[in-house]
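Results of the structural survey
Residue-level listing of the chains:
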Amino acid sequence: LSSSLEYCPSNFISSGINAEYGDDDQCEQLTAAEVLQRLEESWINERVSPYLQESQQELVDCLLEQCESVESNFSRASSFAVGIHQLEIQRIKYMSTDYLRTRLHKIEKHAEYALEEQKDQDGEEGVLKLSPAEFVYAREHFRNLQLHLKETALKHMPSPFNNLDKKKSITAPNLNSFIFFKVKEDTNNVLIDPRGDPVDLSRDEIHISKFLPIATLLNERKINLV
């Protein structure tokens, strides 16, 4: 891959992702190695966490574009160099595909919860979990699921039972499930257990905790899940 890539994270907006990757003051210059490392971290975090993390769709698109650029130059490279590059490209494509597949699985499992969360946060500062395409997919999946339930079961039931209670029908993720995490940077006064005292986290330490108390640290990239 090229020696440097430009990756500029931007928040979810209903109209799509800014093709310019946001304003200049929001842009982040990363080397190819740093971009690849961030993809690996995002992939593992997504697989381990009980619920969706902030979408890294722009990061995936950035890497795949670079892969296409490298593949277009294969005709000018030696067969040995092509083989090495193909191995790396296949690794990147596998991580990207599995990352997106993991997110789609979570969206299908918690579609209504994800839509309600996105609706509550729309227009406010904070981490929006769904990309524009994922938002459309979640909405259509939930709509089709509701229609399927009505056509196959609910319409054949008597009136007191042929409506779904929205609050009871939402499948929420278990944010209190336990996970292991590794500390990326020293962080003080972290309340991992509400019943205990705040603790200081040192770089490279590995801890076990419920997911919810450390979710903010994960969003701030101060820890990685393992």
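Residues numbered from 1 in each chain as written. Predicted model: local features only at pLDDT ≥ 70, side-chain atom pairs only at ≥ 80, totals over all residues. Heavy atoms only, no water.

1. Some words on the nonpolar core
Among the nonpolar cores identified, the biggest contains 16 residues, and Leu39 and Ile92 are the most heavily contacted of them. Taken together, the elements giving at least two residues each to this core come down to helix H1 (32–48), helix H2 (57–71) and helix H3 (79–109). (Core = buried A, V, L, I, M, F, W, Y, C linked by side-chain atoms within 4.5 Å. Buried < 20%, exposed > 50% of the residue type's maximum accessible area, 1.4 Å probe, protein only. Helix = DSSP H or I, 4+ residues; strand = E, 2+ residues; numbered from the N terminus.)

2. Brief notes about the packing of H1 against H2
Here H1 crosses H2 at 130°, and the two axes come no closer than 10 Å. One element, H1, and the other, H2, form an angle in the oblique class. Two packed elements cross with a definite hand, and for H1 against H2 that hand is left-handed. Facing Val35, Arg38, Leu39 and Ser42 of H1, the residues of H2 in contact are Leu59, Val60 and Leu63. Within the contact of H1 with H2, the residues separate by chemical class into 5 nonpolar, 1 polar and 1 charged. (Axes fitted to C-alpha atoms, helices over the stretch in contact; angles between N-to-C directions. Parallel < 35°, antiparallel > 145°, perpendicular 65-115°, else oblique. Left-handed = near helix turned anticlockwise from the far one by under 90°. Contact = heavy atoms within 4.5 Å. Nonpolar A, V, L, I, M, F, W, Y, C, P; charged D, E, K, R; others polar.)

3. Considering H2
With 15 residues, H2 should reach 21 Å at 1.5 Å per residue; the first-to-last C-alpha distance of 21 Å fits that figure. Within H2 the residues assigned to the buried category are Gln57, Glu58, Leu59, Val60, Cys62, Leu63, Cys67 and Val70. (Expected span 1.5 Å × (residues − 1).)

4. Let's talk about a nonpolar patch on the surface
Taken together, the side chains of Phe178, Phe180, Ile206, Ile208 and Val226 define a hydrophobic patch exposed on the protein surface, amounting to about 530 Å² of accessible area. Those elements that provide at least two residues to the nonpolar patch are strand S3 (178–183) and strand S6 (206–210). Inspection of the secondary structure assignment puts isoleucine 208 in strand S6. (Patch = residues over 30% accessible without salt bridge, like charges linked within 9 Å, V, L, I, M, F, W, Y side chains within 5 Å. Areas by Shrake-Rupley, 256 points an atom, 1.4 Å probe, with all protein chains shown as cover. Salt bridge = Lys/Arg side-chain N within 4 Å of Asp/Glu carboxyl O.)

5. Focus: the pattern of salt bridges
Two side chains carrying opposite charge are able to pair once their charged atoms lie near each other. If you walk through the whole model with that rule in mind, you get 15 salt bridges. With a closest N to O distance of 3.9 Å, glutamate 117 and lysine 129 form a salt bridge. Taken together, the positions of glutamate 117 in helix H4 (residues 111–121) and lysine 129 in the loop between H4 and helix H5 (132–152) put the pair 12 residues apart, joining distant regions of the chain. A single burial state applies to glutamate 117 and to lysine 129, both of which are buried. One salt bridge in this structure joins arginine 139 and glutamate 140, with 3.9 Å as the shortest N-O distance. A relative accessible area of 30% means that glutamate 140 is categorised as partly exposed. In the salt-bridge network here, residues are joined through shared partners; they are Glu46, Arg103, Lys106 and Glu134.

6. Looking at the confidence of the model for the protein
Summary statistics for the protein give a mean pLDDT of 83 and a share of 84% for residues scoring 70 or more. Confidence drops under pLDDT 50 across residues 2–25; counting only partners more than four residues distant or on other chains, this segment forms 55 contacts. (pLDDT = per-residue confidence, 0-100.)

7. A few points about unusual backbone geometry
Across residues other than glycine, the phi torsion is negative in most instances, and most of the peptide bonds are trans. Positive phi outside glycine occurs at asparagine 189, with the angle close to 55°. By the element assignment, asparagine 189 lies in strand S4 (residues 187–190).

8. Some remarks on the side chain of glutamate 46
Within the fold, glutamate 46 resides in helix H1. Judged by its relative accessible area of 1%, glutamate 46 is buried. A polar contact is formed between the side chain of glutamate 46 and the backbone nitrogen of glutamine 53, at a distance of 3.3 Å. (Polar contact = N/O pair within 3.5 Å; in protein donor to acceptor, adjacent residues only side chain to side chain.)

9. Notes on empty space enclosed by the protein
One way to see where empty space is left: roll a probe the size of a water molecule over the atoms. Tallying each qualifying case throughout the model produces 2 cavities of 30 Å³ or more. Taken together, 14 residues line the largest cavity, and the ones lying closest to its centre are Ser42, Asn45, Gln56, Leu218 and Arg221. Contributing elements (two or more residues each) for the lining of the largest cavity: H1, helix H7 (211–219) and strand S7 (223–225). Ranked by the residues each element gives to the lining of the largest cavity, the list is headed by H1, at 5 residues. Per-class residue counts for the lining of the largest cavity are 2 nonpolar, 6 polar and 6 charged. (1 Å grid on protein atoms, 1.4 Å probe; cavity = no way out; pocket = protein on both sides within 12 Å on 5 of 7 lines; lining within 4 Å. Points joined across faces, edges and corners; volume = space filled by probe spheres on them.)

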